[in-house]
Structure formats: structure tokens, C-alpha cells
Amino acid sequence: MLKIDSLNVKVDEKTVINNLNFDFELGKNYAILGKNGTGKSSLFFTIMGHPFYKVNSGTIYLDGENLLQMTPDQRSSKGIFLAFQNVPEIPGIKLFEFLKMIYNSQFDKSKQLSFMKFKKLIEPIINELGISKDFLFRDLNVGFSGGEKRKLELLQIKLLKPKYILLDEIDSGLDVNSLHKLGDTIKSICSSQTSFIIISHYFDIYNYIDIDKTLIIQDGNISQTGGKDLIQNIKNNGFK
Ligand SMILES: Nc1ncnc2c1ncn2[C@@H]1O[C@H](COP(=O)(O)OP(=O)(O)OP(=O)(O)O)[C@@H](O)[C@H]1O
Ligand SMILES: [Mg+2]
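Conventions used here
- Residues numbered from 1 in each chain as written.
- Chains lettered and ligands numbered in written order.
- Predicted model: local features only at pLDDT ≥ 70, side-chain atom pairs only at ≥ 80, totals over all residues.
- Heavy atoms only, no water.
- Pairing = 2+ DSSP bridges.
- Helix = DSSP H or I, 4+ residues; strand = E, 2+ residues; numbered from the N terminus.
- Contact = heavy atoms within 4.5 Å.
- Axes fitted to C-alpha atoms, helices over the stretch in contact; angles between N-to-C directions.
- Buried < 20%, exposed > 50% of the residue type's maximum accessible area, 1.4 Å probe, protein only.
- Lys, Arg positive; Asp, Glu negative; His and termini not counted.
- Salt bridge = Lys/Arg side-chain N within 4 Å of Asp/Glu carboxyl O.
- Polar contact = N/O pair within 3.5 Å; in protein donor to acceptor, adjacent residues only side chain to side chain.
- 1 Å grid on protein atoms, 1.4 Å probe; cavity = no way out; pocket = protein on both sides within 12 Å on 5 of 7 lines; lining within 4 Å.
- Points joined across faces, edges and corners; volume = space filled by probe spheres on them.
- Near = heavy atom within 4 Å.
- Areas by Shrake-Rupley, 256 points an atom, 1.4 Å probe, with all protein chains shown as cover.
- Sits in = over half its atoms within 2 Å of the grid points.
- Nonpolar A, V, L, I, M, F, W, Y, C, P; charged D, E, K, R; others polar.
- Patch = residues over 30% accessible without salt bridge, like charges linked within 9 Å, V, L, I, M, F, W, Y side chains within 5 Å.

Novice: Which residues make up the sheet that holds strand β5 (residues 65–66), and what values go with them?
Specialist: Taken together, the 4 strands give an open sheet; going across it, the order is β2-β1-β4-β5, and neighbouring strands pair in antiparallel fashion. Where the open sheet ends on each side, the last strands, each with one partner, are β2 (14–24) and β5. Judged from the 7 bridges that link them, strand β1 (residues 2–11) and strand β4 (residues 54–62) form a sheet pairing that is antiparallel. Across the sheet, D5 pairs through a bridge with T59, a residue of β4. The sheet strands contacting helix α1 (residues 40–48) are β1, β2 and β4, and the helix crosses β1 at an angle near 110°.

And the structure:
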């Protein structure tokens, strides 16, 4: 369980998360909705350990362990994955090297894969996602289209098999075919050992996945919770 307990977070002097409590259960999927600037991305950044987001009080537990005492890479190796709203471009690092590094960092030296073994592991995954092999030897995200960047997020999820998968507006700017592909891929990853927690301002993405609970964020806190029907309600009527 990913347990958020009385969490208060500030960026500079601004409160972005205000006494938020919620338990995300493994195997369930969540939709997070809310107006712009209400703290949705801030919640994800705090869970992941972004240094700008200062936790003033409260705790986040992952299966009983205090997540706040872990570095972002430790959080990642414990099974938390964040797909960013804005993915950075990193010249000088090839996609292949990046993927190999994040994959191998999960294991002791003895279990880490060589170039050839990692190539064998990654090639079926990129084929499945319809990514051209050329991408592996391009600089990380540099010049990739919005849809291509999204595919790379999915590629990392397929590779790392995280437990709690936080998707922050991963569907924005996708053409209709890419959205179908994204939705189908998310569906194929869903299991009793994963939880998707999905922020989106477009409602179509939620059609692909069984959402167990919907949370509405307002002023850094949860103003309302409900089932999948709450998504339709907000779509029809907007936020109150
Ligand atoms: N690094 C930062 N520096 C300054 N202000 C920040 C920072 N991060 C967040 N904020 C502010 O905190 C508030 C919440 O931002 P956040 O990005 O969490 O909103 P959001 O709910 O994800 O909005 P959107 O739907 O537009 O993505 C906003 O007013 C934002 O300007
Ligand atoms: Mg946001």
C-alpha cells in the first residue's frame, strides 16, 4: 500500500499539498482530476522525491516503510514510477544506455546485463510498442515528438515493471491512434501487482482502464472521492 498520511508540502513558501490523507492499494487503479494548479503534479513530485517539494509534516509509507527517507532512485527501485507531464531532453545520453543503466541499477553487479543481453531483452519490447530500433541510439528524448516521448515512458514501464505507476497527463497531445495504443498498452500492463494512478484533463484515457476510485484535488487536498461514475459526472458538469 502507498499510504499518504497528513501530508503538507510547500514549494518556495507556497503550500501545494494541504493535509492530504489517502491510501492507494496495490492492484487498484485511480483517476486524479482537478482544476489547473490545484496540486496534482505536486503530489506526484512529492511521492517521487523531487527536491523542490519540501514536506513540512506528514509521511508517505510504502508497504510500511517511510518513503520520505528514501532518495528518488531508491523509491524507483522500490517500484514507484512517474511519467512526467514534461519530459526533459538529455543530449549526450543515448536512449539505449539510459535504459540499460536504469534496468541494471535494480540489481547487484552479478545480475547486471551486458550490452548484448540487454539488447535481446529490449528488442521485443520496442517491437511490441512499435518503436523503431533507430531510437535506441538517439539522444534521450532529443527531438522526439510528443507521441514518441510517451512511448518511451511506456517502454520504461514495461522494462522496470513498477508497482505504483503515476501518469501525469501522459495522454496530452496524442493523436487518436497513439491514444488507442497508449490505452491498450496500459490495459495490458494492468494486474493485481500494479496500480495506475492517472492524472488527465481528457477523459478518453479512462475508458481503457478499470478505474476503482476517482479523486478530485482542490487546493492541495482531496475535495471529493467516488467511483468511475464521478469521472463522467465531472466530464458532463465540470468542477463545482
Ligand atoms: N517548482 C515550483 N515553483 C513554484 N511554484 C510551483 C512549483 N511547483 C508547483 N508550483 C505551484 O503550485 C501550484 C500547484 O501546481 P501543480 O503543478 O501541482 O498543479 P496541477 O494540479 O498539476 O495543475 P495542472 O492541471 O495545470 O497541471 C501551482 O500554483 C503552481 O504554480
Ligand atoms: Mg500538473
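Novice: Could you give an account of the side chain of D171, naming the residues involved and the relevant values?
Specialist: By secondary structure assignment, the location of D171 is in the loop between β9 (164–168) and α6 (176–189). Within the buried set, D171 has no salt-bridge partner at all; the shortest N-O distance to an opposite charge, 7.0 Å, is to R150. Separated by 2.6 Å, the side chains of D171 and S200 make a polar contact. Leave out the neighbours within four places in its chain, and D171 touches L179, L182, S200, Y202 and I205.

Novice: Explain empty space enclosed by the protein to me, and be specific about the residues and the numbers.
Specialist: Going through the model one piece at a time under the given rule, you end up with 1 cavity of 30 Å³ or more. When its volume is computed, the largest cavity comes out at roughly 60 Å³. Around the largest cavity sit G147, R150, K151, L154, L174, S178, K181 and L182, which together line it. Elements that contribute at least two residues to the lining of the largest cavity include exactly α5 (146–160) and α6. Ranked by residue count, the leading element in the lining of the largest cavity is α5, at 4 residues.

Novice: Help me get a handle on helix α3 (residues 95–104), residues and values and all.
Specialist: Since the α-helix turns once every 3.6 residues, residues separated by three or four places project in the same direction. For α3, a buried count of 8 out of 10 residues is recorded, marking the element as mostly surrounded by other parts of the structure. Within the sequence span of α3, burial applies to L95, F96, F98, L99, K100, I102, Y103 and N104. Elements that come into contact with the buried residues of α3 comprise β7 (90–94), α4 (115–129), β8 (139–140) and α5.

Novice: Describe the site of ligand 1, naming the residues involved and giving the relevant values.
Specialist: Close to ligand 1 lie 16 residues, the nearest being G37, K40, S42, Y53 and H201. In this structure, H201 approaches ligand 1 through a side-chain N or O atom, which is 2.7 Å from an oxygen atom. Considered on its own, ligand 1 offers 640 Å² of accessible surface; in the complex 69% of this is hidden by protein. More than half of the atoms of ligand 1 fall within 2 Å of the grid points belonging to the second largest pocket. Of all the elements, α1 adds the most residues to the shell around ligand 1, at 3 residues. Of the residues that constitute the shell around ligand 1, the class distribution is 4 nonpolar, 8 polar and 4 charged.

Novice: Let's hear about the environment of H50: which residues, and what values?
Specialist: Structurally, the position occupied by H50 is in the loop between α1 and β4. H50 sits 21 residues away from T71 along the chain, and the two C-alpha atoms are 9.1 Å apart. A polar contact of 3.0 Å, which involves the side chain of H50, links it to the backbone nitrogen of F52.

Novice: Explain the sheet that holds strand β12 (residues 221–226) to me, using residue names and the numbers behind them.
Specialist: An order of β6-β9-β10-β3-β11-β12 is seen for the 6 strands of this open sheet, with the pairing classed as mixed. Strands at the two margins of the open sheet, each flanked by one partner only, are β6 (80–83) and β12. Here the average twist between neighbouring strands, direction ignored, is 20°. Together, β3 (30–33), β6, β9, β10 (195–199) and β11 (213–218) form the strand contacts of α1, whose direction differs from that of β6 by roughly 140°.

Novice: Please give an account of a nonpolar patch on the surface that cites residues and values.
Specialist: There is a patch of nonpolar side chains on the surface, built from F115, M116 and F137 and spanning about 310 Å² of accessible area. Judged by relative accessible area, M116 falls into the exposed class, the value being 54%.

Functional significance is not addressed by these values, which are geometric in nature.
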